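The primary structure of each chain is shown beneath.
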Amino acid sequence: MSNLQILAPFNGWCSPLEEVPDAVFAGRMLGDGLAIDPTNGSLLAPCAGEIITLPASAHAVSIRAAGGIDVLIHVGIDTVQLGGRGFEARAQPGTTVRAGAELLRFDLDVVARAAKSLMSPIVVTPMDGLTLRQCRAEGPVAAGDLLFEVTGVIAVAKQRGLVNGSGADASGADASGAARPGDAKAAQTLIMTLRQGLHARPAALLAQRARSFTAQTTLAAHGRTANARSVVAIMALGVGQGEEISIQATGADAVRAVAAIVAAIQEALRMEAVAAHGAPVTADSVIGPCAGGEMAINSASTSCPADSPVAGTTLGLLRGVIAVAGFAVGRATRIERREIPVVEAGTGPALESAALERAQADVRLSLGRVAKTGGVTRREIIAAHLEFLDDPQLNETAQNLIAAGKSAGFAWRTATRSCIASLDALDNSRLRERGDDLLDVESHVLLELAGEARPVTIPLPERAVLIVDDLLPSELTALDQKRLLAICLGRGGVTSHVAILAAAMEIPMLIGLGNAVRNVASGSTVIVDAEAGTLQTAPTPAAIDTAHTKVESRLARRAKMQAAAQTDCYTLDGTRIEVFANLGNVQDAATAVVNGAEGCGLLRTEFLFLDRETAPDEAEQLATYQDIAAALGSRPLILRLMDVGGDKPLRYLPLPAEENPALGLRGVRTALARPDLLRTQLRAALRVQPSGSVRLLIPMITDIAEVLAVRGIIDELRAELGIHHPIALGAMIETPAAALIAPALIREVDFLSIGSNDLTQYTLAMDRGHPQLAARTDALHPAVLRLVAVTANAGTAAGKMVAVCGSVAADRYAVPLLLGLGARELSVVPAAVPAIKRQIRALRIEDCHELAMKCLDLASAAAVRALVEETIGPGENMQ
Ligand code: PEP
Ligand code: MG
């Protein structure tokens, strides 16, 4: 095996790679080679070898030559978007061809008209230890002419364990992943059911799982392969819904690695389904900002370039897409984003590499600190940013550039920009929107390298309506939220993280307003109607007056409802109903109090310590619980013991892959399997002051022995801590088993709390996160209502409280039924408290009971909803 000769695949004009109008190729991110501007439309094999990739779009082909050297020929730039138009494959992937064999044909006119450029790179990828020589000079070239020679083939083949020419498998695994004798191999092919395909979050989940195995794992789709440890590589596969993806692993734990990736895809499906119902994590989705509130995140996936056709203007009226619904009148405000300067040349690879690693470590720390102060949404977004920071492909590209003499800043920026360029080339708006996240991570690191502090708060004038081309998540979180009334973007996407954050912050947001946003005068009064999708940039004084009146009446209505919510809640006939809030963090507690919550009916403690590698110790847990108790004032705090497993994985507590996670180690089962973690949590909870203010709730109970076991540990710890008063202990009713034994169970506890989300899933045998079953997984199914009735009756008979803390408690159709069946406490998302209290105050228990009894005899959830609607009238805006 000597040097490998690469021949011109077509006639044309040969140029260096730098001239290719694409940062990935021009920056040699994929490898080294030359480019040809073709003058005929027949692509011939540049060397002998096996065709490794020739996607359906037939716009590119890669060949694996002897020694495992891969050569990619990419016809034109951005040609994947043609979806095969103008291209015709003349060979099949997997076949072995001789040099000069015709691999594909393309119509020069069609491709030239649609592509960004016809310039076609021919590159060796990856270069590893290879070098090119005898590179052809710029000028005309004929098919079959020598383009360049690849040297170092033997050494690289040896390094890859391929010296005998056995060839790596077609997975495209990197050198370290080449098969070793005796290595196990595993593979599985699936059809992608994720609605948005493999976008950032599932990709991050997969990469994270892949990294926990030693096996070299690759994903393959569309004829391309990706290192499963790299988020960027996975995303760049561009796998959409309904498309096939293969998982291949080689190594001692290959079988487990493939199973873990499959499990991660299932987990992502569950997360997607939950997110699709308005509450990415908390599952309290029935009434949130989306259900009749003033703010709602638009669920359609739309991404708007600045020249988007949705952007339009007539007489000072710009039309956009509603990302977060709402209405505001305020002053047009801009914030400037400056490009952070970087020098290209480095001061030596060792120094630059260390500087990059140090900056990344500092950013990791500061992002971790920010995550602690935010809600679940912000934490999720930061988790995605941390994945980018650790991405092996990004880091490899950056380190290669550093090794080639570039500065850390230049290398990091080039690496992130090339990833953004690849995402931009994808025909998937959701993936393109992740470019903003990469830009954000890029600037974090560049600022750190430059020794500059990111501004903690970006000042805004009073009543600011932010009008900019685009906005990064970190820019939004740095803005002074109290002064920010609305956001209007020239570009943007409704599924972008910045839109998700804006929805969580309840800030109306329009996107896709086009380049015209640049002409809006700073400081001018504008009206944002994020219900009609318009921005009035030059409203008349009369229009401004009307808009002010509209805003004031809305605010007054909201304030009235909030004020009314501050007092205890009674039905019309004087029955006391406690309206509590479900919390996931300290901020939620503050919001709950403002909205009139009378306590916390469910603190989802598993959400307090997500995305971390180590379990929180007793002191850390105590501090967090104490903060929440303090935010609640003297209101009761029902702290649910960690509900881990199933759809709630914890990074620091990896559980074995289960075939049926919803039926496996979940809730109290996990807690009892890890008594060390349970004891730490219980000790922290018991130490919250004032002593006894915390009540404890056990998740996923199926039998009394579980309650007795937890009670036993609590009593031991009370003795250890010298706590003499009793601690209120409740059981969650989330399984039909628990509901059916409620009369016996209630003897062992102080209260019961119905978790309708799980109770519905287990009663109807429908995964709560299954997208196709979402409409049918309805807690108003008479079977679920009957279990609620059994539970509530047990409570009434024992004179103990029965609460409902699942999402159904915030469903206006469910409220009369739950009260009619005997529930006396409802715990809902903080934002829903005022509306639920208002509804309860207009109900009479007797009427509710009568209605509930009729519903128990109906045959379906739809019939229940129809009867309730007939009785209480159609839904109205509750917030
Ligand atoms: C429930 O199952 O209804 C519940 C409140 O618990 P979670 O949604 O956290 O599983
Ligand atoms: Mg549950």
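Residues numbered from 1 in each chain as written. Chains lettered and ligands numbered in written order. Predicted model: local features only at pLDDT ≥ 70, side-chain atom pairs only at ≥ 80, totals over all residues. Heavy atoms only, no water.

Engineer: It is not clear to me how the pairing of strand S23 (residues 464-468) should be interpreted in this structure. Could you clarify?
Structural biologist: Consecutive side chains of a regular strand alternate in pointing toward one face of the sheet and then the other. In terms of burial, S23 is largely enclosed, as 5 of its 5 residues are buried. The two faces of S23 match: Ala464, Leu466 and Val468 on one face and Val465 and Ile467 on the other face are all buried. The pairing of strand S22 (residues 327-333) with S23 spans 3 bridges and is classified as parallel. Of the residues in S23, the one forming a bridge with Arg331 is Ala464. As defined by bridge partners, S23 adjoins strand S24 (residues 484-489) across 5 bridges and the pair is classed as parallel. Pairing of Val465 across the sheet is with Ala486, part of S24. One crossover worth recording links S23 to the parallel S24 by way of helix H12 (residues 473-478), and it is right-handed. (Buried < 20%, exposed > 50% of the residue type's maximum accessible area, 1.4 Å probe, protein only. Helix = DSSP H or I, 4+ residues; strand = E, 2+ residues; numbered from the N terminus. Pairing = 2+ DSSP bridges. Right-handed = clockwise from strand over helix to strand, strands pointing away.)

Engineer: Quick question: what am I supposed to make of the sheet that holds strand S1 (residues 4-7) here?
Structural biologist: Picture the strands of a sheet paired through backbone hydrogen bonds; they go either parallel or antiparallel. Reading across the sheet, the 3 strands line up as S1-S14-S12 and stay open at both edges, with antiparallel pairing between neighbours. The sheet terminates laterally at S1 and strand S12 (131-133), the two strands that pair on one side only. On average, adjacent strands in this sheet sit at an angle of 30° to one another, irrespective of strand direction. Both S1 and strand S14 (residues 146-151) contribute to a ladder of 4 bridges, which runs antiparallel. Paired with Ile6 across the bridge in S14 is Phe148. (Axes fitted to C-alpha atoms, helices over the stretch in contact; angles between N-to-C directions.)

Engineer: Where do I start with the packing of helix H14 (residues 541-564) against helix H25 (residues 833-841) in this structure?
Structural biologist: Between two packed helices, the angle of one axis relative to the other and the distance separating the axes together describe the packing. The interhelical angle for the contact between H14 and H25, taken along N-to-C directions, is 70°, at an axis separation of 8 Å. Relative to H25, the element H14 lies roughly perpendicular. By crossing handedness, the relation of H14 to H25 is classed as left-handed. For the pair H14 and H25, contact is made by Met561, Gln562 and Ala564 and by Pro834, Ala835, Arg838 and Arg841, respectively. In terms of residue class, the contact of H14 with H25 is built from 4 nonpolar, 1 polar and 2 charged. (Parallel < 35°, antiparallel > 145°, perpendicular 65-115°, else oblique. Left-handed = near helix turned anticlockwise from the far one by under 90°. Contact = heavy atoms within 4.5 Å. Nonpolar A, V, L, I, M, F, W, Y, C, P; charged D, E, K, R; others polar.)

Engineer: What exactly am I supposed to notice about the packing of aromatic side chains here?
Structural biologist: When we look at a pair of aromatic rings, we describe it by the centre distance and by the angle of the planes. Considering all chains together, one arrives at 2 aromatic pairs under this definition. Ring centres 5.8 Å apart and planes at 80° place the aromatic pair Phe10 and Phe106 in the edge-to-face group. With Phe10 in the loop between S1 and strand S2 (12-16) and Phe106 in strand S10 (residues 102-106), this residue pair connects regions lying 96 residues apart in the sequence. As far as burial versus exposure is concerned, Phe10 and Phe106 are alike and both buried. When the centroid spacing of 6.1 Å and the interplanar angle of 40° are considered together, the rings of Phe87 and Phe106 count as tilted. In this pair, Phe87 is assigned in strand S8 (residues 87-89) and Phe106 in strand S10, connecting sequence segments 19 residues apart. For the pair Phe87 and Phe106, one class covers both residues: buried. Lying over the aromatic face of Phe327, Lys550 brings its terminal NZ or CZ to 4.1 Å of the ring centre. Here the basic side chain of Arg576 rests over the ring of Tyr570, its NZ or CZ set 5.6 Å away from the ring centre. (Phe/Tyr/Trp six-rings, centres within 6.5 Å; stacked < 30°, edge-to-face > 60°. Lys NZ or Arg CZ within 6 Å of the ring centre and 35° of its normal.)

Engineer: How do you make sense of the coordination of the magnesium ion (ligand 2) when you look at a structure like this?
Structural biologist: The textbook angles at a metal center are 109.5 degrees for a tetrahedron of four donors and 90 or 180 degrees for an octahedron of six. Only Glu734 (OE) and Asp758 (OD) from the protein coordinate the magnesium ion (ligand 2), and they sit 2.0 Å from it. A residue pair is termed long-range when its members are at least 10 positions apart, and Glu734 in the loop between strand S32 (729-733) and helix H20 (736-740) and Asp758 in helix H22 (residues 756-764) qualify at 24 residues. Side by side, Glu734 and Asp758 carry an identical accessibility label, which is buried. (Donors = N, O, S within 2.8 Å, 3.2 Å for Na, K, Ca; no water.)

Engineer: Can you walk me through the nonpolar core in this structure?
Structural biologist: Soluble globular proteins tend to bury their nonpolar side chains together. With 97 residues, the main nonpolar core has Leu583, Leu603, Leu696, Leu752, Leu817, Leu826 and Ile840 as its most contacted residues. Apart from residues no more than four positions distant in its own chain, Ile840 is found in contact with Cys569, Tyr570, Thr571, Leu572, Ile577, Val579, Val815, Leu819 and Leu826. Listed in part, the 64 residues of the second largest apolar core include Leu237, Ile245, Leu426 and Val441. (Core = buried A, V, L, I, M, F, W, Y, C linked by side-chain atoms within 4.5 Å.)

Engineer: Would you mind going over the pattern of salt bridges with me for this structure?
Structural biologist: Any two side chains of opposite charge can pair, so long as their charged atoms come close to each other. What the rule picks out here adds up to 34 salt bridges. For Asp70, the salt bridge identified is with Arg64, shortest N-O distance 2.6 Å. The class for Asp70 is buried, based on a relative accessible area of 16%. We note a salt bridge from Lys406 to Glu344, for which the minimum N-O separation is 2.8 Å. Here Glu344 lies in the loop between S22 and helix H7 (349-373) and Lys406 lies in the loop between helix H9 (392-403) and helix H10 (408-424), a separation of 62 residues in the sequence. Owing to a relative accessible area of 40%, Glu344 belongs among the partly exposed residues under this scheme. (Salt bridge = Lys/Arg side-chain N within 4 Å of Asp/Glu carboxyl O.)

Engineer: In this structure, what is going on with helix H16 (residues 618-631)? I would like to understand it.
Structural biologist: An α-helical turn contains 3.6 residues, so any two residues separated by three or four positions project in the same direction. A rise of 1.5 Å per residue sets the reference length of H16, with its 14 residues, at 20 Å; its end C-alpha atoms lie 20 Å apart and thus fit the reference within 8%. Packing partners of the buried residues in H16 comprise strand S28 (578-583), helix H15 (586-594), strand S29 (600-604), strand S30 (637-640) and helix H18 (675-686). Downstream of H16 by a residue or two, Gly633 has a phi angle that is positive, lying close to 65°. (Expected span 1.5 Å × (residues − 1).)

Engineer: I tried to follow the environment of Ala783 on my own but got confused; where do I start?
Structural biologist: Mapped onto the fold, Ala783 is located in helix H23 (residues 782-798). Ala783 gets classed as partly exposed once you look at its relative accessible area, which sits at 28%. Note: C-alpha distance between Ala783 and Leu764 (19 residues apart in sequence) is 8.0 Å.

Engineer: Can you help me understand empty space enclosed by the protein in this one?
Structural biologist: Sizing a probe to match a water molecule and rolling it over the atoms shows the empty space that remains. All chains considered together, the criterion is met by 4 cavities of 30 Å³ or more. By volume, the largest cavity amounts to about 110 Å³. Lining the largest cavity we find Met642, Val644, Leu653, Gly667, Thr670, Ala671, Arg674, Leu677, Leu678 and Gln681. The calculated volume of the second largest cavity comes to roughly 70 Å³. As for the second largest cavity, its lining consists of 13 residues, of which Arg604, Arg640, Met732, Glu734 and Asn757 are closest to the centre. Considering each element in turn, the lining of the second largest cavity owes the most residues, 3 residues, to H22. Considering only residue class, the lining of the second largest cavity consists of 3 nonpolar, 4 polar and 6 charged. (1 Å grid on protein atoms, 1.4 Å probe; cavity = no way out; pocket = protein on both sides within 12 Å on 5 of 7 lines; lining within 4 Å. Points joined across faces, edges and corners; volume = space filled by probe spheres on them.)

Engineer: Could you clarify how one ought to interpret the packing of H22 against H23 in this entry?
Structural biologist: Two numbers describe how H22 lies on H23: the axes approach to 9 Å, and their chain directions differ by 120°. One finds that H22 runs oblique with respect to H23. Considering the relative orientation of H22 and H23, their crossing is right-handed. On the side of H22, the interface is formed by Leu759, Thr760, Thr763 and Leu764, while H23 contributes Ala783, Val784, Leu787 and Val788. Each residue belonging to the contact of H22 with H23 can be placed in one class, and the counts come to 6 nonpolar, 2 polar and no charged.

Engineer: How do you make sense of the sheet that holds strand S17 (residues 224-227) when you look at a structure like this?
Structural biologist: An order of S15-S18-S16-S17 is seen for the 4 strands of this open sheet, with the pairing classed as antiparallel. Unpaired on one side and paired on the other, strand S15 (185-191) and S17 mark the two borders of the sheet. This sheet shows a mean twist of 20° between the axes of neighbouring strands, independent of strand direction. Looking at chain direction, strand S16 (residues 216-221) and strand S18 (residues 244-250) are connected through 5 bridges and run antiparallel. Note on S18: the bridge partner recorded for Thr218 is Gln248.

Engineer: Please clarify how the state of the cysteines should be interpreted in this entry.
Structural biologist: In a disulfide, the sulfur atoms of two cysteines are held together by a covalent bond. Within this structure, the stated rule accounts for 0 disulfides. Summary of cysteine pairing: Cys135 is not part of a disulfide, and the nearest cysteine sulfur, belonging to Cys14, is at 8.6 Å. (Disulfide = S-S within 2.5 Å.)

Engineer: Explain the pairing of strand S7 (residues 69-74) here, please?
Structural biologist: Burial within S7 is extensive, with 6 of its 6 residues counted as buried. The alternating pattern of S7 places Ile69, Val71 and Ile73 and Asp70, Leu72 and His74 on opposite faces, both of which are buried. Pairing analysis gives 6 bridges linking strand S6 (residues 60-65) to S7, with the strands arranged antiparallel. By the bridge assignment for S7, Ile63 is matched with Val71. With antiparallel pairing between neighbouring strands as the criterion, S6 and S7 make up a hairpin whose turn holds 3 residues, including Gly67 at a positive phi of roughly 85°. Looking at chain direction, S7 and strand S11 (residues 120-124) are connected through 3 bridges and run antiparallel. Note that in S11 the partner of Ile73 across the bridge is Ile122.

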